[in-house]
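For reference, the chains in residue letters:
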Amino acid sequence: LELDKDLATALEQDQFVLHLQPQLDLNTMEVNSAEALIRWQHPQRGLIPPFEFIPLAEESGRITDIGRWVVMAACRQLAAWRDGPLSRMKIAINLSGRELDNEDLVDHIQRALTLFQVDASRLEVELTEEIFIQNIERNRNQLKRLHDLGVLLAIDDFGVGYSSLAYLRDFPVDLLKIDRSFITNITECPDDAIITRAVTNLAHNLGVKVVAEGVETEEQLEFLKNLNCDVVQGYLISRPVEATQLEILLRDNP
Ligand code: G
Ligand code: G
Ligand code: MN
Ligand code: NA
């Protein structure tokens, strides 16, 4: 496939870019974290979203190098913010199962944090379900090492798929991201509200913070505030934007 061939040169030619989607802390009403979402600035095709190339990269194994690039790029950004008004910002990166197959990943993250002199607690890692159901022993060991470094761990897309409660027991989870599909109709659909409330209470009782994904309206935000949800993310706050745009956004709406 042509795209796959181009992926080989994408890293060499520095064609990837991280967009950042701000997350609003409902306790302080401040943005002090953002999710990093990768895009590929293709020389002919323009900006390519991750779902068009991440699966390809997972098949070919190039995801290992892309993931390493993401780690470096996130740490470089955190370092750039360290001594300015955004010094309290955290960045959450996404890791897929294939990336955790690489035994060197945790060492790579440690090296990046050291290289850029970034505190580990500034970095969050969002994990999808495959990580908790494949290679469980090895992944648990890798994630424990990562957590011991001080990196925060989040379960992404919680509530869809298998969503076993055992993940919360068996892995050192700090955050749980409730899937967008529960949030979209939360103000009209009692079942979605009941599920979100129950998951939030469960998480809190386990010392886990809750992030609601896909928040698009003020009504949803108010509703989630009343459920004691900790953090909201979605188009209401902002779409994923370039770092410079995020800086402007936070400067103009402190
Ligand atoms: O930004 P959104 O547009 O389209 O992201 C789509 C999907 O791509 C999400 O499920 C997200 O987890 C995944 N994704 C985005 N950035 C990365 C990344 O850097 N690494 C991996 N493995 N997945 C990513
Ligand atoms: O799977 P993951 O949650 O990591 O990916 C986030 C995806 O959700 C990205 O594709 C991002 O662009 C998208 N997204 C973020 N906020 C919203 C939102 O408020 N509404 C919708 N429809 N999509 C969103
Ligand atoms: Mn995510
Ligand atoms: Na998600």
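Residues numbered from 1 in each chain as written. Chains lettered and ligands numbered in written order. Predicted model: local features only at pLDDT ≥ 70, side-chain atom pairs only at ≥ 80, totals over all residues.

Caption draft 1: Main features of the site of ligand 1. Near ligand 1 the following residues occur: Leu37, Ile38, Pro49, Pro50, Phe51, Ile54, Val70, Ile93, Asn94, Leu95, Ser96 and Pro240. Broken down by secondary-structure element, the contributors of at least two residues to the shell around ligand 1 are β2 (30–42) and β4 (90–95). Each residue belonging to the shell around ligand 1 can be placed in one class, and the counts come to ten nonpolar, two polar and no charged. (Near = placed C-beta within 6 Å. Helix = DSSP H or I, 4+ residues; strand = E, 2+ residues; numbered from the N terminus. Nonpolar A, V, L, I, M, F, W, Y, C, P; charged D, E, K, R; others polar.)

Caption draft 2: How the structure looks around the site of ligand 2. Near ligand 2 there are 14 residues, and of these Asn94, Gly214, Glu216, Gly234 and Tyr235 occur at the shortest range. Grouping the constituent residues of the shell around ligand 2 by class yields four nonpolar, four polar and six charged.

Caption draft 3: Seen up close, helix α3 (residues 63–81). Its 19 residues place the ends of α3 27 Å apart at the C-alpha level, agreeing with the 27 Å of an ideal helix rising 1.5 Å per residue. Every buried residue belonging to α3 is among Ile63, Ile66, Gly67, Val70, Val71, Ala74, Cys75, Gln77 and Leu78, and all of these are buried. (Expected span 1.5 Å × (residues − 1). Buried ≥ 20, exposed ≤ 12 C-beta atoms within 10 Å, placed from the backbone.)

Caption draft 4: Examining the environment of Ile186 more closely. The topology assignment puts Ile186 in the loop between α9 (180–183) and α10 (190–205). Taking the C-alpha atoms as reference, Ile186 lies 25 Å from Leu20; in sequence the two are 166 residues apart. Setting aside residues no more than four positions away along its own chain, Ile186 makes contact with Asp192, Ala193, Thr196, Gln220 and Phe223. (Contact = placed C-beta atoms within 7 Å.)

Caption draft 5: Local environment of unusual backbone geometry. With a phi close to 60 degrees, Asp14 is a non-glycine residue in the positive phi region. Located in the positive-phi region is Asn135, a residue other than glycine, with phi close to 45 degrees. Structurally, Asn135 is set in the loop between α6 (130–133) and α7 (136–149).

Caption draft 6: Expanded view of α10. An ideal rise of 1.5 Å per residue puts 22 Å on 16 residues; α10 measures up with 22 Å between its terminal C-alpha atoms. Those residues of α10 lying buried are Thr196, Val199, Thr200 and Ala203. Across the axial projection of α10, the buried residues extend over an arc of 100 degrees, all falling on one side. For α10, the exposed residues set more than 90 degrees away from the buried face come down to Pro190, Asp191, Ile194, Ala198 and Asn205. Where α10 is buried, its residues contact β7 (175–178), α9 and β8 (209–212). (Arc of directions from axis to C-beta.)

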